[in-house]
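Take a look at the letters that make up each chain.
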Amino acid sequence: MRLIIYTGKGGTGKTVTACSTAIKMAENNHNTLIISADPAHTLGDAFMMPDVGYEPKMVLSNLHALQIDPVIEMNKQYSTILSYMASTFSAKGIDETLAYEIAMLPGMTQLFSLLKIDEVVRTKIFDSIVLDMPASGEALRYLYLPKLVGSIGRKLTGLFGIFSGVSRMFQPLSKSPARTSVLQSEVELLDRIESLSEIIRNQDMSSIRLVANPDTFSIENAKRAFVSASLYGINVDLAIINKIMPLGSSDQYYSNWADFQKTKVNEARANFFPLPVKEVQLHTSELRGLEMLKINGDLIFGNEDPAQIFYHGRPFTFTTDNSTLRMIVKVPFTERDDFDIERYSDQLTIKVKSSVGYVVNIIPLPAATIGMKLVRAKLYDNELTILFEKGV
Ligand SMILES: Nc1ncnc2c1ncn2[C@@H]1O[C@H](COP(=O)(O)OP(=O)(O)OP(=O)(O)O)[C@@H](O)[C@H]1O
Ligand SMILES: [Mg+2]
């Protein structure tokens with residue numbers, strides 16, 4: 001079983017890359033299911049098949065597509081919890097605090113979408129799943145949720161305690177379903193979250209792949225996802241820089257952009273080190289439809305099987321005790337290079353002089369370093385060890 005999850009900033013090309021990967025995997029004889037957890041009907045748009053829906057729809061031999069509807073999923077599996085929530089909402093009216101809590105709920109629908117993966121894995125019909133995630137920041141949080149649930153412990157709080165104070169809304173009310181059946185649903189749900197967590201953190205089975213464009217914003221966004229995934233023990237095996245404009249245009253406007261993007265690609269290679277990076281050009285027209293997606297898959301993977309694990313390792317390691325946090329980061333330079341380290345609040349900037357000019361490596365710092373001071377940085381053998389200490 002193989003699970004590949006594409007993530008990245010909005011519009012970078014997650015959906016098309018996921019589709020191209022899935023087509024190529026099907027061609028490599030993997031019985032593949034592509035799942036989109038995006039609320040819009042994106043898979044239908046990409047494959048140009050309007051009827052991709054809630055049930056797996058055959059796209060090609062060895063390839064099925066499924067568009068998750070979070071509301072259906074939630075209704076089907078968790079109607080007890082839903083009706084409990086609904087009655088609580090209507091009984092309480094909506095004040096300011098409640099409005100805030102309600103704003104948290106879209107996150108729950110995302111989680112229900114992810115749980116579909118656990119369900120598909122259990123059926124054992126498919127041997128590979130490619131998951132197209134909605135824009136990263138949001139969705140990844142829910143991938144990490146199982147780990148949080150695990151560490152909080154199922155006995156300590158009810159499920160809703162975890163959703164940042166939503167529990168306050170769930171006071172037992174006379175009109176709502178019996179508390180015991182809600183508890184029963186909670187326990188079942190926690191079991192499924194735990195099983196999903198095991199799947200996602202199994203590094204021989206699941207990998208996250210980062211999709212970025214040759215621009216500062218999407219690269220930084222992907223880098224954050226990279227560090228967060230490492231923090232939670234989820235493997236990231238590949239970065240894809242998509243929509244690169246070709247060099248050598250006679251038009252000044254295009255050639256300026258292409259030159260700029262070239263520097264961004266170099267920067268991305270330094271930032272995603274030691275991940276392999278694949279570069280994908282901006283096609284001459286909008287990338288969609290089976291034929292173009294297939295060509296795109298060949299451009300990305302060539303003769304390689306996209307199901308392989310492209311990188312297996314620990315790009316970031318974190319060790320903590322009461323007052324210190326030690327972070328070890330693999331970096332694409334050595335002691336001999338001329339480099340500079342600076343910390344700006346929650347990120348570390350490493351500037352290195354290289355053959356292609358200065359390369360800036362930005363490392364987002366884990367929240368645990370807030371209130372800590374960077375006391376030492378040591379570079380040895382492509383590994384940068386950074387020591388943070390409390391109250392220095
Ligand atoms: N290499 C490329 N060449 C040409 N067009 C591309 C390329 N990659 C993506 N596109 C186009 O860019 C648009 C966005 O792509 P896509 O929907 O895959 O991005 P996304 O990251 O899934 O977006 P969202 O965050 O909204 O889910 C689409 O119109 C797609 O056809
Ligand atoms: Mg998409």
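Residues numbered from 1 in each chain as written. Chains lettered and ligands numbered in written order. Predicted model: local features only at pLDDT ≥ 70, side-chain atom pairs only at ≥ 80, totals over all residues. Heavy atoms only, no water.

**A closer look at the packing of helix 1 (residues 14–27) against helix 10 (residues 290–301)**
The following threshold applies: As a rule, the C-alpha atoms of each element are fitted with a line to give its axis, helices using only the stretch in contact, and angles between N-to-C directions run from 0 to 180 degrees. Helix and strand definitions follow DSSP, with helices as H or I runs of at least four residues and strands as E runs of at least two, each counted in order from the N terminus. The labels follow the angle: roughly parallel below 35 degrees, roughly antiparallel above 145, roughly perpendicular from 65 to 115, and oblique for the rest. Every residue pair with non-hydrogen atoms within 4.5 Å of one another is taken to be in contact.
Running from N to C, helix 1 and helix 10 point in directions that differ by 80°, and their axes come no closer than 8 Å. In terms of axis orientation, helix 1 runs roughly perpendicular to helix 10. From helix 1, V16, T17, C19, S20, T21, I23, K24 and E27 reach across to helix 10, where they touch L290, L293, K294, N296, G297, D298, I300 and F301.

**Observations concerning the sheet that holds strand 6 (residues 206–212)**
To be explicit about the condition: The criterion for strand pairing is that DSSP finds at least two bridges linking the strands in question.
Taken in spatial order, the 8 strands line up as 3-4-2-5-1-6-7-8 in an open sheet, and their pairing is mixed. Here the strands that pair on one side only, and so sit at the sheet edges, are strand 3 (57–60) and strand 8 (277–281). The sheet shows a mean angle of 25° between the axes of neighbouring strands, direction not considered. Taken strand by strand, helix 9 (residues 252–272) contacts strand 6, strand 7 (236–244) and strand 8, and its axis lies near 175° from that of strand 7.

**A few points about the nonpolar core**
Put simply, the rule is: Take the buried Ala, Val, Leu, Ile, Met, Phe, Trp, Tyr and Cys residues and link them wherever side-chain atoms come within 4.5 Å; each set so joined is a nonpolar core. Exposure classes here rest on a 1.4 Å probe applied to the protein chains alone. A residue is buried below 20% of its type maximum, exposed above 50%, and partly exposed in between. Here the limits of each domain have been adopted from an automatic or database domain assignment.
One finds I35, I117, L131, L210 and F272 to be the most contacted residues of the largest nonpolar core, which totals 58 residues. Here this core spans two domains, since at least three of its residues come from each of domain 1 (1–312) and domain 2 (316–390). Beyond its immediate sequence surroundings of up to four residues, L131 is in contact with L3, I4, I5, Y6, I35, A37, L114 and I117. Residues A26, I34, L43 and M49 belong to the second largest nonpolar core, which totals 29 residues.

**Details of the sheet that holds strand 10 (residues 324–330)**
The sheet built from 4 strands is open, its strands ordered 9-10-15-14 with antiparallel pairing. The open sheet has two free edges, formed respectively by strand 9 (316–320) and strand 14 (372–380), since each of these has just one partner strand. Averaged over all adjacent pairs, the angle separating strand axes in this sheet is 15°, with direction ignored. Examined bridge by bridge, strand 14 and strand 15 (residues 383–390) share 8 bridges and lie antiparallel to one another. Along strand 15, the bridge assignment pairs M372 with K390.

**Quick word on the packing of aromatic side chains**
To describe a pair of aromatic rings, one takes the distance between the centres and the angle between the planes. Quick reminder of the rule: Each aromatic pair joins two rings of Phe, Tyr and Trp (for Trp, the six-membered one) with centres within 6.5 Å, and gets the label stacked for planes under 30 degrees apart, edge-to-face for over 60, and tilted for any other angle.
All chains considered together, the criterion is met by 5 aromatic pairs. Between Y253 and Y254, the aromatic rings sit 5.2 Å apart at their centres with planes inclined by 90°, giving edge-to-face as the arrangement. Through pairs of rings, three or more aromatic residues link up here, namely F226, F272 and F316.

**Some remarks on the pairing of strand 9**
Bridge analysis of strand 9 against strand 10 gives 5 bridges, and the strand direction is antiparallel. Looking at the pairing, T320 lines up with L325 of strand 10.

**A few points about the site of ligand 1**
Put simply, the rule is: Near residues are defined by distance, with any heavy atom within 4 Å of the molecule or strand qualifying the residue. The definition of a polar contact used here is a pair of N or O atoms within 3.5 Å, where within protein one atom must be able to donate a hydrogen and the other to accept one, and adjacent residues in sequence count solely through side-chain atom pairs. Here the accessible surface of atoms and residues is derived via Shrake-Rupley with a 1.4 Å probe, and residues count as covered only by protein chains that are part of the display. For this scheme, ten residues count as nonpolar: Ala, Val, Leu, Ile, Met, Phe, Trp, Tyr, Cys and Pro. Four count as charged, namely Asp, Glu, Lys and Arg, and the remainder, Gly too, count as polar.
Taken together, 17 residues form the shell around ligand 1, and within it K14, T15, N242, E286 and L287 come nearest. At a separation of 2.9 Å, an oxygen atom of ligand 1 approaches a polar backbone atom of V16. The contact in question runs from a nitrogen atom of ligand 1 to an N or O atom on the backbone of H283, over 2.9 Å. Protein contact buries 80% of the 630 Å² of open area that ligand 1 shows by itself. At the level of elements, helix 1 and strand 7 are the ones that each hand at least two residues to the shell around ligand 1. In terms of residue count, the dominant contributor to the shell around ligand 1 is helix 1 (3 residues). In the shell around ligand 1, the residues fall into 3 nonpolar, 9 polar and 5 charged.

**Quick word on the confidence of the model for the protein chain**
Note the threshold: pLDDT gives the predictor's per-residue confidence on a scale running from 0 to 100.
When pLDDT is averaged across the protein chain, the result is 81; 74% of the residues are at 70 or more. Ignoring residues within four places in sequence, the model shows residues 152–158, a span with pLDDT below 50, making 8 contacts including any to other chains. Low pLDDT, under 50, characterises residues 160–176; the stretch is placed with 39 contacts to residues that sit more than four places away or in other chains.

**Some remarks on the side chain of T32**
Position of T32 among the secondary structure elements: in strand 2 (residues 32–36). Polar side-chain contacts of T32 include one of 2.8 Å to the backbone oxygen of H30. Beyond its immediate stretch of four places on either side in the chain, T32 contacts A22, M25, A26, N62, L63, H64, F126, S128 and V130.

**Quick word on a nonpolar patch on the surface**
Note the threshold: A patch consists of residues exposed above 30% relative accessible area that lack any salt bridge, with like charges linked at up to 9 Å and nonpolar side chains (Val, Leu, Ile, Met, Phe, Trp, Tyr) linked at up to 5 Å. Each salt bridge in this description consists of a side-chain nitrogen of Lys or Arg and a carboxyl oxygen of Asp or Glu lying within 4 Å of one another.
Nonpolar side chains collect at one region of the surface, where Y253, Y254, W257 and F260 lie side by side and expose about 450 Å² of accessible area between them. If you trace the backbone, F260 turns up in helix 9. Owing to a relative accessible area of 34%, F260 belongs among the partly exposed residues under this scheme.

**Section: the packing of helix 8 (residues 216–231) against helix 9**
It is at 11 Å that the axes of helix 8 and helix 9 come closest, and there the two elements cross at 10°. The angle between helix 8 and helix 9 places the two elements in the roughly parallel class. Side by side, helix 8 and helix 9 meet where T216, I219, A222, K223 and F226 of the first sit next to K264, A268, N271 and F272 of the second. Each residue belonging to the contact of helix 8 with helix 9 can be placed in one class, and the counts come to 5 nonpolar, 2 polar and 2 charged.

**Some remarks on the pairing of strand 8**
To keep it simple, the criterion reads: Whether a crossover is right-handed comes down to one check: with the strands pointing away from the viewer, does the path from the first strand over the helix to the second run clockwise; if it does, it is right-handed.
Bridging between strand 7 and strand 8 involves 4 bridges; their strand directions are parallel. Considered in strand 8, the bridge of I240 is made with K278. This β-α-β element, strand 7 to helix 9 to strand 8, shows right-handed connectivity.

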